Amino acid sequence: MFNDIGALELVTLVVLAVLVFGPEKLPKVIQDVTRTIRKIREFSDSAKDDIRSELGPQFKDFEFEDLNPKTFVRKQLMDGNDDLGLKDIRESFDLRKEMAEVTDAVNGREAAPSTGTAAAVPAAAGTPDLLKKPAQPAKDERPPFDADAT
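Residues numbered from 1 in each chain as written. Predicted model: local features only at pLDDT ≥ 70, side-chain atom pairs only at ≥ 80, totals over all residues. Heavy atoms only, no water.

Caption draft 1: Seen up close, the overall build of the protein. Along the protein, the regular secondary structure elements total 4 helices and 0 strands. Across the protein, helices and strands are ordered from the amino to the carboxyl terminus as α-α-α-α. (Helix = DSSP H or I, 4+ residues; strand = E, 2+ residues; numbered from the N terminus.)

Caption draft 2: Expanded view of helix 1 (residues 7-55). The first and last C-alpha atoms of helix 1 sit only 44 Å apart over 49 residues, clearly below the 72 Å expected at 1.5 Å per residue. The largest bend in helix 1 is about 105 degrees, located at G22, with the proline P23 one to four residues further on. Looking one or two residues beyond helix 1, the residue adopting positive phi is G56, at roughly 100 degrees. (Expected span 1.5 Å × (residues − 1). Bend = angle between axes of the 7 residues up to and from the residue.)

Caption draft 3: Inspection of the pattern of salt bridges at higher detail. One pass over the structure, following the stated rule, counts 2 salt bridges. K28 is paired through a salt bridge with D32; the nearest N and O atoms lie 3.4 Å apart. Residue K28 and its partner D32 are both found in helix 1; the two are separated by 4 residues, about one turn of the helix. The partner of R35 in a salt bridge is D32, and the shortest N-O contact between them spans 3.1 Å. With R35 and D32 both in helix 1, this residue pair falls 3 residues apart, about one helical turn. (Salt bridge = Lys/Arg side-chain N within 4 Å of Asp/Glu carboxyl O.)

Caption draft 4: Up close: the confidence of the model for the protein. Predicted confidence across the protein gives a mean pLDDT of 77, with 75% of residues reaching 70 or more. Here helix 3 (residues 86-92) stands out as the element of the protein with the lowest mean pLDDT, 71, in contrast to helix 1, whose mean of 91 is the highest. In this model residues 116-123 is a low-confidence stretch, pLDDT under 50, and it forms 1 contact with partners more than four residues away in sequence or in other chains. (pLDDT = per-residue confidence, 0-100. Contact = heavy atoms within 4.5 Å.)

Caption draft 5: Up close: a negative patch on the surface. Together, E42, D45, D49, D50 and E54 line one region of the surface with negative charge. Considering the arrangement of structural elements, one finds D45 in helix 1. Using a relative accessible area of 44% as the deciding quantity, one classes D45 as partly exposed. (Patch = residues over 30% accessible without salt bridge, like charges linked within 9 Å, V, L, I, M, F, W, Y side chains within 5 Å. Areas by Shrake-Rupley, 256 points an atom, 1.4 Å probe, with all protein chains shown as cover. Lys, Arg positive; Asp, Glu negative; His and termini not counted. Charge placed at Lys NZ, Arg CZ, Asp CG, Glu CD. Buried < 20%, exposed > 50% of the residue type's maximum accessible area, 1.4 Å probe, protein only.)

As structure tokens, then:
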């Protein structure tokens, strides 16, 4: 709870407590605060136990920390629960290779032959190769008009 409090902040809090409550009342205030914190923890633990007992035996391994979305996602995606095949997807995706292919396509260079699992799919007849630069038309030839593009 107070993991990020440094020594200077702690000394400041002690000095403020002494100034506000006085040296005579400070031990009594500290006892009251610790007793209240203990009661809150006991109440929280008993509430968790009641909820677990009401959920039944099928939720015996239920942890309240799993309700935190960050923890839930980490547990479902990063642990051994690979029902969706995400581990295969993560292992097959090579970001550097993909970025190199995109860079080569943008710069108009031929991409190196891929050694990945996916085989190269030949272009179907009649479909233009988008990676090739189109031939330059003659000076008096007009470019084709595409009504859908305008």
